[in-house]
Amino acid sequence: MQLNQESAKDRLAALGMDDMPVMEYRPQRCTVDKDWFKKYAIARRDFLASLTDSYEEIAFMNLTQEEVMNLIMGKSIPENTSIRLKIPLIWGGDLSVDNMFMCSTFPHSNNLDRFIFEQSDASIIFLPNPSKKIYVTTHLAGGGAGGNAASDRLTAAAMNYVSSRGNE
Amino acid sequence: MTTSEFISSMKSRGAKIIPAVSGNHTIIANTNLQKMRAAMLPAFLSDLYEHCGGITLGSAYIFGPKEIERGIKYPIPAIDKINQDVAGNKNLFGKTVFGRNDLFWFATDALGNCFMLDNLTLSVLRKYDNPYNAMTDCLIVGKI
């Protein structure tokens with residue numbers, strides 16, 4: 001199915017990601033190095049180590065202290081978290097930090113896979129292209145009308161975090 | 001390799017084994033899969049579901065017959081829901097997706113032949129005669 005900028009945005013909105021930017025890309029099959037998997041593993045570790053500048057997004061991921069430490073030390077990624085390539089390897093993408101982003105596996109990474117499958121017969125593909133290293137949908141932080149006195153999302157998330165641990 | 005040996009091997013690598021659910025869920029999932037032209041559950045998956053309700057290892061998953069609840073976090077969908085979402089893809093006719101990781105999806109046909117699929121077009125990258133090798137390859141990528 002060939003999408004255009006608008007229909008791609010609409011489809012992503014239907015998949016619950018109306019704030020996900022897209023980029024237009026003409027896929028070209030590329031040969032992949034034989035040692036791609038080794039390079040991929042190294043690139044993932046480099047990506048995790050680079051996340052120290054993404055503390056605001058990490059705060060929104062609702063992780064335990066141990067998960068945060070393991071994440072930024074590159075030991076392991078939290079449950080239900082995926083690292084994706086913006087431009088896939090076989091379409092000419094690099095195995096580099098700049099070509100990676102992190103998001104939740106369910107629903108986001110799974111739905112992004114569906115978004116790409118649906119365009120598999122198109123000549124121009126719209127690929128998800130989040131501006132930050134971690135994609136956290138804005139819908140996660142929505143407070144209900146009334147009752148939440150926080151003035152911004154980060155404060156609201158921090159208050160939820162504190163209250164869930166009984167540290168108010 | 002038997003199912004018990006496979007589960008034990010995955011456990012030793014740090015996989016989380018979801019407790020088995022009632023056989024009724026497997027029957028319902030199988031019926032739903034037939035309705036959407038996917039493959040009926042082959043013997044190895046039916047056997048696996050008698051032992052567990054799904055397996056996760058990092059970002060890799062073997063889907064279970066019932067949605068896996070995770071408190072306030074988004075649940076892991078059941079196998080029939082995953083297949084419903086991708087039903088109609090011509091590369092999947094006669095196949096049922098049973099697992100995924102960050103790089104590949106994994107499917108099986110009714111005879112138990114397994115396939116590694118790319119996560120861009122769902123085309124077959126590799127065929128497995130041994131389903132335990134396919135499930136191992138699926139899960140092990142979750143632990144990079």
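Residues numbered from 1 in each chain as written. Chains lettered and ligands numbered in written order. Predicted model: local features only at pLDDT ≥ 70, side-chain atom pairs only at ≥ 80, totals over all residues.

1. Here's the deal with unusual backbone geometry
- Here phenylalanine 106 of chain A and proline 107 of chain A are connected by a cis peptide whose omega angle stands at 10°.
- Assignment of secondary structure puts proline 107 of chain A in helix 5 (residues 105–117).
- Here the phi dihedral of asparagine 62 of chain A falls at roughly 55°; this positive angle occurs in a residue that is not glycine.
- Along the chain, the position of asparagine 62 of chain A falls in the loop between helix 3 (55–60) and helix 4 (65–72).
- Look at arginine 37 of chain B: it is not a glycine, yet its phi comes out positive at around 60°. (Helix = DSSP H or I, 4+ residues; strand = E, 2+ residues; numbered from the N terminus.)

2. Quick notes on the confidence of the model for chain A
- Within chain A, residue pLDDT values average 85, and 87% of them lie at 70 or more.
- Here residues 141–146 of chain A is a poorly scored stretch, pLDDT under 50, and it has 7 contacts once near neighbours within four places are set aside; other chains count. (pLDDT = per-residue confidence, 0-100. Contact = placed C-beta atoms within 7 Å.)

3. Considering the interface of chain A and chain B
- Taken residue by residue, the interface counts 19 residues in chain A and 15 residues in chain B.
- Counting only elements with at least two residues in the side of chain A that touches chain B, the list comes to helix 2 (36–49), strand 2 (81–85) and helix 5 of chain A.
- Of the residues forming the side of chain A that touches chain B, the biggest block, 7 residues, is contributed by helix 5 of chain A.

4. With respect to the nonpolar core
- Ranked by size, the top nonpolar core spans 39 residues in total, and within it Ile62, Val97, Phe98, Phe106, Ala107 and Leu139 of chain B carry the most contacts.
- Per element, the largest residue contribution to this core is 4 residues, and it comes from helix 5 (residues 131–140) of chain B.
- Ignoring any residue separated from it by four or fewer positions in sequence, one finds valine 97 of chain B in contact with Ile82, Asn83, Val86, Leu92, Trp105, Phe106 and Ala107 of chain B.
- Grouped together as the second largest cluster of nonpolar side chains are 26 residues, Met20, Ile83, Met100 and Ile125 of chain A included. (Core = buried A, V, L, I, M, F, W, Y, C linked by C-beta atoms within 7 Å. Buried ≥ 20, exposed ≤ 12 C-beta atoms within 10 Å, placed from the backbone.)

5. Some points on the sheet that holds strand 2 (residues 55–57) of chain B
Residue and element names in this part refer to chain B.
- Sheet architecture is open: 7 strands sit in the order 1-2-3-6-7-8-9, paired in antiparallel fashion. Only two strands of the sheet have a single neighbouring strand rather than two, namely strand 1 (16–17) and strand 9 (124–128).
- Judged from the 4 bridges that link them, strand 8 (residues 114–118) and strand 9 form a sheet pairing that is antiparallel. Counterpart to methionine 116 in the pairing with strand 9 is arginine 126.
- With respect to the sheet, helix 5 is in contact with strand 2, strand 3 (60–62), strand 6 (96–100), strand 7 (104–108), strand 8 and strand 9, its orientation differing from that of strand 3 by roughly 145°. (Pairing = 2+ DSSP bridges. Axes fitted to C-alpha atoms, helices over the stretch in contact; angles between N-to-C directions.)

6. Re the pairing of strand 3 (residues 100–104) of chain A
Residues and elements named next belong to chain A.
- Judged by how many residues are buried, strand 3 sits mostly within the fold: 5 of 5 residues are covered.
- Of the strand pairs in this sheet, strand 2 and strand 3 are connected by 5 bridges, and their pairing is antiparallel. The partner of serine 82 across the bridge, within strand 3, is cysteine 103.

7. Focus: the packing of helix 2 (residues 23–35) of chain B against helix 4 (residues 79–86) of chain B
Residue and element names in this part refer to chain B.
- At a minimum axis separation of 9 Å, helix 2 and helix 4 run at an interaxial angle of 15°. The orientation of helix 2 relative to helix 4 falls into the category roughly parallel. Where helix 2 crosses over helix 4, the handedness of that crossing is left-handed. Only Ile79, Asp80 and Asn83 of helix 4 make contact with helix 2, whose side of the interface consists of Ala29, Asn32 and Leu33.
- In terms of residue class, the contact of helix 2 with helix 4 is built from 3 nonpolar, 2 polar and 1 charged. (Parallel < 35°, antiparallel > 145°, perpendicular 65-115°, else oblique. Left-handed = near helix turned anticlockwise from the far one by under 90°. Nonpolar A, V, L, I, M, F, W, Y, C, P; charged D, E, K, R; others polar.)

8. Details of helix 2 of chain A
All names here are of chain A.
- Helix length check: helix 2 (14 residues) gives 20 Å between terminal C-alpha atoms against 20 Å at 1.5 Å per residue, within 8%.
- Every buried residue of helix 2 is listed here: Tyr40, Phe47 and Leu48. Buried residues of helix 2, seen end-on, are gathered within an arc of 95° and therefore sit on one face of the element. (Expected span 1.5 Å × (residues − 1). Arc of directions from axis to C-beta.)

9. A look at the environment of leucine 33 of chain B
Residue and element names in this part refer to chain B.
- Mapped onto the elements of the fold, leucine 33 is located in helix 2.
- When the C-alpha atoms of leucine 33 and aspartate 102 are compared, they prove to be 24 Å apart, with 69 residues separating the residues in sequence.
- Excluding residues within four positions of it along the chain, leucine 33 makes contact with Ala38, Ala39, Met40, Leu41, Asp80, Asn83 and Thr96.

10. Focus on the environment of methionine 40 of chain B
- By the element assignment, methionine 40 of chain B lies in the loop between helix 2 and helix 3 (43–51).
- If sequence neighbours within four positions are ignored, methionine 40 of chain B has contacts with Asn30, Leu33, Gln34 and Ala110 of chain B.

11. A word on the packing of helix 1 (residues 3–12) of chain B against helix 3 of chain B
Residues and elements named next belong to chain B.
- Where helix 1 contacts helix 3, the axes come no closer than 10 Å and their chain directions differ by 60°. Here helix 1 and helix 3 pass one another in a crossing that is right-handed. Together, Thr3, Ser4 and Ile7 of helix 1 and Asp47, Leu48 and His51 of helix 3 make up the contact between the two elements.
- Residues belonging to the contact of helix 1 with helix 3 are distributed by class as follows: 2 nonpolar, 3 polar and 1 charged.

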